[in-house]
Amino acid sequence: MTAFLITGAKIVGGEVADILLDNGEIVAIGNNLDKPEGAETIDARGLIALPGLVDLHTHLREPGREDAETVLTGTRAAAVGGFTAVFAMANTDPVADTAGVVEQVWRLGREAGYADVFPIGAVTVGRQGTQLAELGAMADSAARVRVFSDDGDCVWDAALMRRALEYVKAFGGTIAQHAQEPRLTKGAQMNEGALSGVLGLTGWPSVAEESIIARDILLNAHVGSKLHICHLSTKGSVEIVRAAKKRGLEVTAEVTPHHLLLTEDLAASYNPVYKVNPPLRTKADVEAVREGLADGTIDIVATDHAPHPVEDKDCEWSAAAFGMTGLETALSVVQHAMVDTKLLTWADLADRMSYRPAAIGQISDHGQPLEAGAAANLTLVDPAAQRTVVPAESTSLSRNTPFEGMNLPGRVVATFLRGTPTVLDGKPVK
């Protein structure tokens, strides 16, 4: 393995220093470090060194929808975005509801080598919401699953949700809920409000999300397990989670980059690239989730990277699939929405996009401070760079980014996974 001497990087939360990587570890951090024989040097003046980012919510589509994404292409896109670990959601075909499927996804990630892949197991068989899946078997598998979700569908049955929370409590697992009361969102296409009426699109009320979050927080308070809320999107949801945390109740929550920046007004174009679940909300909701992320009510940013082939998006709004890509733009969007607006520092960003998601997902080699002896999982970012988002330049197999044409700050220059470069000069290493 080649050693790397990174010179002149601004260590997040610290000072400018050199970083020596060798044998998969950070060997030393300091000034004027000696270059070992055979080591390569990376001039990192003007760059920020962050711990490798961790995404708790990614759709890699394999097995079953390799026309949209594969584990290889998805993790390559993740590396370009500065991620060294991603959690793969269970809505594959077949569904990741058995030990065999989660082990397949885990092994595909190891073979790809661009980022560590941690499969998320389905809560219910086939994500149908009627019978618990093999939670224990998935937890005991080679993939060591610790997070379970029917994401894309809500575990709407309260009794079943209670049993799931009780079951995973035995091994310290987490249930990640897609908060959407299905009876309130039948046929829903966008956020419910005056605009949905004007556009003639069936509305998606905020209460459909908020009611499930409130219910599950109460259920989990009764059970004493671990509950995580996926892609929180409304002001009311922020208020519910904030109140729960003030009471000392156990709950964590995530927000997506697109819900930190985009609003429902984009639906007026009828461009299906803006169709997503949960839907883009109002300006007041965007301001609330930003505030929630800043004050710690919302624990993490998760991309909800949801790639789709052209035919699933290049059609009329009502027929189009829900979802947006996000792995390659997440860091830039968070910098734009949160860091450049002074709502978060770069150290806060490392907390929300690396330390905390790793802690929620219970992975030890990621989400660690950059210090001697730690695994060499890190990314180098140029915060002064500006770039225009061009879908055709995407590393992902799909092109359904909602940020097309936007000028965003920041650029990932290099990413290292256990000391091996997966991205250099902004491009994936083959």
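As shown above, the structure is provided for reference.
Everything numeric here is computed off the predicted structure, so don't read it as measured data.

J.: A description of unusual backbone geometry should follow, citing residues and the corresponding values.
T.: For the bond running from Glu 62 to Pro 63, omega is 5°, close enough to zero to count as cis. The residue Pro 63 is located in the loop between strand 6 (53-58) and helix 1 (71-80) in this model. Cis geometry marks the peptide bond from Asn 277 to Pro 278; its omega dihedral reads -5°. Inspection of the secondary structure puts Pro 278 in the loop between helix 8 (257-261) and helix 9 (283-295). A positive phi is found at Tyr 270, a non-glycine position, where the angle reads about 60°. Structurally, the position occupied by Tyr 270 is in the loop between helix 8 and helix 9.

J.: So, the packing of helix 4 (residues 158-169) against helix 6 (residues 206-223): which residues are in play, and what are the values?
T.: Helix 6 packs onto helix 4 with a crossing angle of 45° between their chain directions and a minimal axis gap of 10 Å. As judged from the angle between their axes, helix 4 and helix 6 are oblique. Considering how the two elements wind past one another, helix 4 and helix 6 form a crossing that is right-handed. Here Ala 158, Met 161, Arg 162, Leu 165, Glu 166 and Lys 169 of helix 4 lie close against helix 6, whose contacting residues are Arg 215, Asp 216, Leu 219, Asn 220, His 222 and Val 223. Residues of the contact of helix 4 with helix 6, tallied by class, amount to five nonpolar, two polar and five charged.

Conventions adopted
Residues numbered from 1 in each chain as written. Predicted model: local features only at pLDDT ≥ 70, side-chain atom pairs only at ≥ 80, totals over all residues. Heavy atoms only, no water. Helix = DSSP H or I, 4+ residues; strand = E, 2+ residues; numbered from the N terminus. Axes fitted to C-alpha atoms, helices over the stretch in contact; angles between N-to-C directions. Parallel < 35°, antiparallel > 145°, perpendicular 65-115°, else oblique. Left-handed = near helix turned anticlockwise from the far one by under 90°. Contact = heavy atoms within 4.5 Å. Nonpolar A, V, L, I, M, F, W, Y, C, P; charged D, E, K, R; others polar.

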